[in-house]
Amino acid sequence: MSKLELRNISKSYVRDKKTFSVLDDITISVGEGEFVTLIGPSGSGKSTMFRLIGGVETPDRGQVLIGGRDVTGVRGLISYMPQQASLFPWMTVRDNIVSALEIAGAARGEARASAEDWLRRIELDSVAGEYPHVLSGGMQQRISFLRALLMPRDVMCLDEPFAALDALTRTEMQRWLLKLWEDQRRSVLFVTHSIEEALTLSDRIYVLSPAPARVLREITVPFERPRRADVWTLPAFTALKRDILALLGEGDGDSDAI
Amino acid sequence: MGNNVWRRVWPPAVSFVAFVALWQLSCSIFKIDPWILPSPAKIAVHLAEDAPAWSRHLAATLRLVLSGLALGVATGIAVAVVLHLMPLVRSAVSPFIIAFQNVPIIALGPLLMIWFGFGLTPKLILLTLVCFFPVAWSMLAGLGRTEPHLREYLEMIGSTKWDILRRLELPASLPFLVSGLKIAVTYSVSTAMWAEWLGADKGIGYYLIIKFKGYDITAVFGAVICIVTLSLALYGLAALLERRIVYWRPRSRAGRAGDAK
Ligand SMILES: Nc1ncnc2c1ncn2[C@@H]1O[C@H](COP(=O)(O)OP(=O)(O)OP(=O)(O)O)[C@@H](O)[C@H]1O
Ligand SMILES: [Mg+2]
């Protein structure tokens with residue numbers, strides 16, 4: 001049933017000969033076509049969780065399952081969109097996408113066709129041949145998202161993809177992503193610091209505690225799909241926001257919410 | 001666009017012309033003996049007259065320099081990649097390479113002559129060694145200094161070591177490789193001169209020594225001009241290559257965007 005599952009994951013790092021526990025018995029899941037968000041204080045271990053899912057690191061305890069199979073420590077099963085766009089400066093926009101698809105095993109011609117087709121669909125075909133440095137931050141993130149979307153992988157992991165954008169661009173990007181995602185319905189695990197962003201985009205939210213991270217609460221977001229652009233005006237939205245704020249401990253979780 | 005090029009070219013052009021004029025004038029006003037300092041005009045005339053001789057020697061030197069550069073750059077790149085991929089080998093070998101690099105070429109040149117005779121081989125080896133080091137070391141630095149967030153991205157999507165080398169490390173190290181190449185180019189000409197001075201039967205360095213021995217100071221100046229021009233031309237080519245290779249970098253100044261083509 002669930003595409004991605006973390007079972008009783010614990011992870012600690014050793015720094016200056018002291019052990020820091022980062023993740024403490026985390027159990028979460030992402031269903032088929034579900035948009036799930038992790039929200040938690042800075043340093044609580046969200047990116048660490050992604051590194052475990054990506055197989056770049058291995059947990060001290062627990063398992064990572066994708067499509068029901070134990071894939072703890074196995075790489076190459078997810079697609080990923082980091083906070084910085086991380087486009088390769090020496091490749092054109094098109095080649096950035098093609099290169100990622102090739103890493104995922106696609107043939108060059110096929111990858112090219114799909115990149116060009118999709119760039120046209122998101123109306124960025126005019127920059128297909130440009131180098132990333134001429135693109136605005138928002139455009140770079142769109143390309144980065146498209147690159148993640150096109151990878152033929154079961155789960156998309158998005159780690160604070162909009163954190164580096166200004167508030168206006170960010171809202172615009174949220175709408176753009178929402179529309180694209182509602183068309184595609186991929187399984188997404190998303191990380192954000194913004195409660196509004198989480199409530200606007202997700203089906204479910206896991207609220208995490210400060211390190212060592214535990215799941216404080218799992219919230220099912222009750223708003224219908226497709227999401228209305230003014231979903232934030234609903235009383236239920238405000239109520240949920242207040243709940244999450246309280247969980248994160250007044251104020252400190254909301255510092256960069258918009 | 002033409003305006004931009006002109007603005008960059010005219011100050012050195014004017015100072016160069018002024019320098020030559022001053023030189024010419026002092027030679028005629030103070031009646032300086034051409035044995036001591038020949039005038040630019042005399043040198044030019046001599047260069048024109050002796051063109052068949054010096055151009056043959058210059059071509060021989062150019063062949064030597066280019067072959068040495070090619071061999072040095074190729075081994076430099078290969079060694080850099082191997083050392084980068086094998087940290088253990090790197091830590092085992094790099095002290096030797098650095099120590100070896102500090103063997104003075106004054107000692108190395110004659111030794112190579114003793115071992116390999118006076119032909120092309122010892123000169124080529126010397127040039128290769130001299131060009132190898134700056135290329136290998138800057139390339140190695142470039143391979144190890146890739147953007148951490150790009151590496152993290154590649155690891156997260158499950159790239160193999162080979163993917164990381166091909167799609168990140170090699171392209172990212174190209175600018176480093178070219179700066180190494182620029183250093184190698186400047187070393188290569190002076191090393192070729194040194195090699196030809198040690199023993200040769202052709203080459204512009206050999207030509208210079210012959211003319212020195214014959215007290216033909218005008219010809220010596222001519223040879224110096226040939227050598228300097230060769231050096232500058234090679235360096236210019238390397239600089240051009242650099243621009244070609246790092247095309248993706250945003251141009252730092254608006255003025256440079258125009259003359260890139
Ligand atoms: N390789 C490592 N070695 C030692 N400590 C690490 C390592 N990686 C992460 N940590 C520590 O683990 C904790 C969690 O880091 P992580 O990056 O997962 O947090 P995060 O929730 O993503 O934070 P943010 O919201 O600021 O991105 C931090 O205290 C961090 O210092
Ligand atoms: Mg993080």
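Residues numbered from 1 in each chain as written. Chains lettered and ligands numbered in written order. Predicted model: local features only at pLDDT ≥ 70, side-chain atom pairs only at ≥ 80, totals over all residues. Heavy atoms only, no water.

- Chain B has the name ABC transporter permease in an unreviewed UniProt entry, where Cohnella pontilimi is given as its organism.
- UniProt annotates chain B under Subcellular location (unreviewed entry) with the comment "Cell membrane". (UniProt positions renumbered as here; feature names shortened; annotations may be inferred.)

- As annotated in an unreviewed UniProt entry, chain A carries the name ABC transporter ATP-binding protein and is attributed to Cohnella pontilimi.

1. Describing the site of ligand 1
Residue and element names in this part refer to chain A.
Phase 1: Around ligand 1, the surrounding shell consists of Tyr 13, Arg 15, Val 22, Ser 42, Gly 43, Ser 44, Gly 45, Lys 46, Ser 47, Thr 48, Glu 160 and His 193.
Phase 2: Arg 15 has a polar side-chain atom sitting 3.3 Å from an oxygen atom of ligand 1.
Phase 3: At a separation of 2.5 Å, an oxygen atom of ligand 1 approaches a polar side-chain atom of Ser 42.
Phase 4: Its free accessible area being 630 Å², ligand 1 has 64% of it covered by the protein chains.
Phase 5: Of all the elements in the fold, those that place two or more residues in the shell around ligand 1 are β1 (2-15) and α1 (46-53).
Phase 6: Of all the elements, α1 adds the most residues to the shell around ligand 1, at 3 residues.
Phase 7: Class assignment of the residues belonging to the shell around ligand 1 gives a composition of 2 nonpolar, 7 polar and 3 charged. (Near = heavy atom within 4 Å. Polar contact = N/O pair within 3.5 Å; in protein donor to acceptor, adjacent residues only side chain to side chain. Areas by Shrake-Rupley, 256 points an atom, 1.4 Å probe, with all protein chains shown as cover. Helix = DSSP H or I, 4+ residues; strand = E, 2+ residues; numbered from the N terminus. Nonpolar A, V, L, I, M, F, W, Y, C, P; charged D, E, K, R; others polar.)

2. Quick notes on the pairing of strand β3 (residues 35-39) of chain A
Residue and element names in this part refer to chain A.
Phase 1: Counting buried positions over the 5 residues of β3 gives 5, a clear majority of the element.
Phase 2: The side-chain alternation of β3 yields two buried faces, one formed by Phe 35, Thr 37 and Ile 39 and the other by Val 36 and Leu 38.
Phase 3: Bridge analysis of β3 against strand β8 (residues 187-192) gives 5 bridges, and the strand direction is parallel. Pairing of Leu 38 across the sheet is with Val 191, part of β8.
Phase 4: As defined by bridge partners, β3 adjoins strand β9 (residues 204-208) across 4 bridges and the pair is classed as parallel. Within the sheet, the bridge partner assigned to Val 36 lies in β9 and is Arg 204. (Buried < 20%, exposed > 50% of the residue type's maximum accessible area, 1.4 Å probe, protein only. Pairing = 2+ DSSP bridges.)

3. Some words on the UniProt feature "transmembrane region" (unreviewed entry) in chain B
All names here are of chain B.
Phase 1: Per the UniProt record, "transmembrane region" (unreviewed entry) is found at residues 64-85, 97-118, 124-143 and 217-241.
Phase 2: With 77% helix and 0% strand, residues 97-118 has its two end C-alpha atoms placed 26 Å apart.
Phase 3: When the span residues 217-241 is considered, its composition is 100% helix and 0% strand, and the gap between its end C-alpha atoms is 36 Å.

4. Remarks on the side chain of Ser 144 of chain A
Residues and elements named next belong to chain A.
Phase 1: Position of Ser 144 relative to the elements: it lies in helix α4 (residues 137-150).
Phase 2: Judged by its relative accessible area of 0%, Ser 144 is buried.
Phase 3: With sequence-adjacent residues up to four places away left out, Ser 144 is seen in contact with Met 81, Pro 82, Ala 85 and Leu 87. (Contact = heavy atoms within 4.5 Å.)

5. Remarks on the packing of helix α5 (residues 105-116) of chain B against helix α8 (residues 161-198) of chain B
Residue and element names in this part refer to chain B.
Phase 1: Taken N-terminus to C-terminus, the directions of α5 and α8 make an angle of 50 degrees; their axes are 10 Å apart at the nearest point. Relative to α8, the element α5 lies oblique. Read as a crossing pair, α5 and α8 show a hand that is right-handed. Contact with α5, carried on its side by Ile 105, Ile 106, Gly 109, Pro 110 and Met 113, involves Thr 191, Trp 194, Ala 195 and Leu 198 of α8 and no other residues of that element.
Phase 2: Its residues placed into classes, the contact of α5 with α8 shows 7 nonpolar, 2 polar and no charged. (Axes fitted to C-alpha atoms, helices over the stretch in contact; angles between N-to-C directions. Parallel < 35°, antiparallel > 145°, perpendicular 65-115°, else oblique. Left-handed = near helix turned anticlockwise from the far one by under 90°.)

6. Some points on the pattern of salt bridges
Phase 1: Per the stated rule, a full pass over the model turns up 23 salt bridges over all chains.
Phase 2: Among the ionic pairs, Glu 102 of chain A bridges to Arg 108 of chain A, the shortest N-O distance being 2.9 Å.
Phase 3: Accessibility expressed as a relative area gives 46% for Arg 108 of chain A, which makes it partly exposed.
Phase 4: Note that Arg 167 of chain B and Glu 102 of chain A form a salt bridge whose closest N and O atoms lie 3.1 Å from each other. One end of the pair, Arg 167 of chain B, is in helix α8; the other, Glu 102 of chain A, is in helix α2 (residues 93-103), on a second chain. Glu 102 of chain A shares its class with Arg 167 of chain B; the two are buried. (Salt bridge = Lys/Arg side-chain N within 4 Å of Asp/Glu carboxyl O.)

7. Thoughts on the domain arrangement of chain B
All names here are of chain B.
Phase 1: Here chain B is described as being made up of domain 1 (1-29) and domain 2 (39-252).
Phase 2: Measuring from the centre of the C-alpha atoms in domain 1 to the corresponding centre in domain 2 gives 30 Å.
Phase 3: Contact with domain 2 buries area across many residues of domain 1, yet Trp 23, Gln 24 and Cys 27 alone supply 82% of it, more than any other trio.
Phase 4: The interface formed by domain 1 and domain 2 holds 1 residue pair in polar contact (both at pLDDT 80 or more) in total.
Phase 5: When its residues are assigned to classes, the side of domain 1 that touches domain 2 shows 3 nonpolar, 1 polar and 1 charged. (Domains from an automatic or database assignment. Buried area = accessible area lost by both parts, 1.4 Å probe.)

8. Things to note about the interface of chain A and chain B
Phase 1: With 25 residues of chain A at the interface, the matching set in chain B holds 19 residues.
Phase 2: Interface of chain A and chain B: buried area, both sides summed, is about 2,100 Å²; carbon and sulfur atoms make up 65% of it.
Phase 3: Considering only the side of chain A, the residues that lose the most area to chain B are Tyr 80, Trp 90 and Ile 103 of chain A, jointly responsible for 34% of the buried surface there.
Phase 4: At the surface where chain A touches chain B, the tally comes to 6 residue pairs in polar contact (both at pLDDT 80 or more).
Phase 5: Of all the secondary structure elements, the ones that give two or more residues to the side of chain A that touches chain B are α1, β6 (78-81) and α2 of chain A.
Phase 6: For the side of chain A that touches chain B, the element with the highest residue contribution is α2 of chain A, accounting for 4 residues.
Phase 7: Looking at side-chain class alone, the side of chain A that touches chain B contains 14 nonpolar, 6 polar and 5 charged residues.

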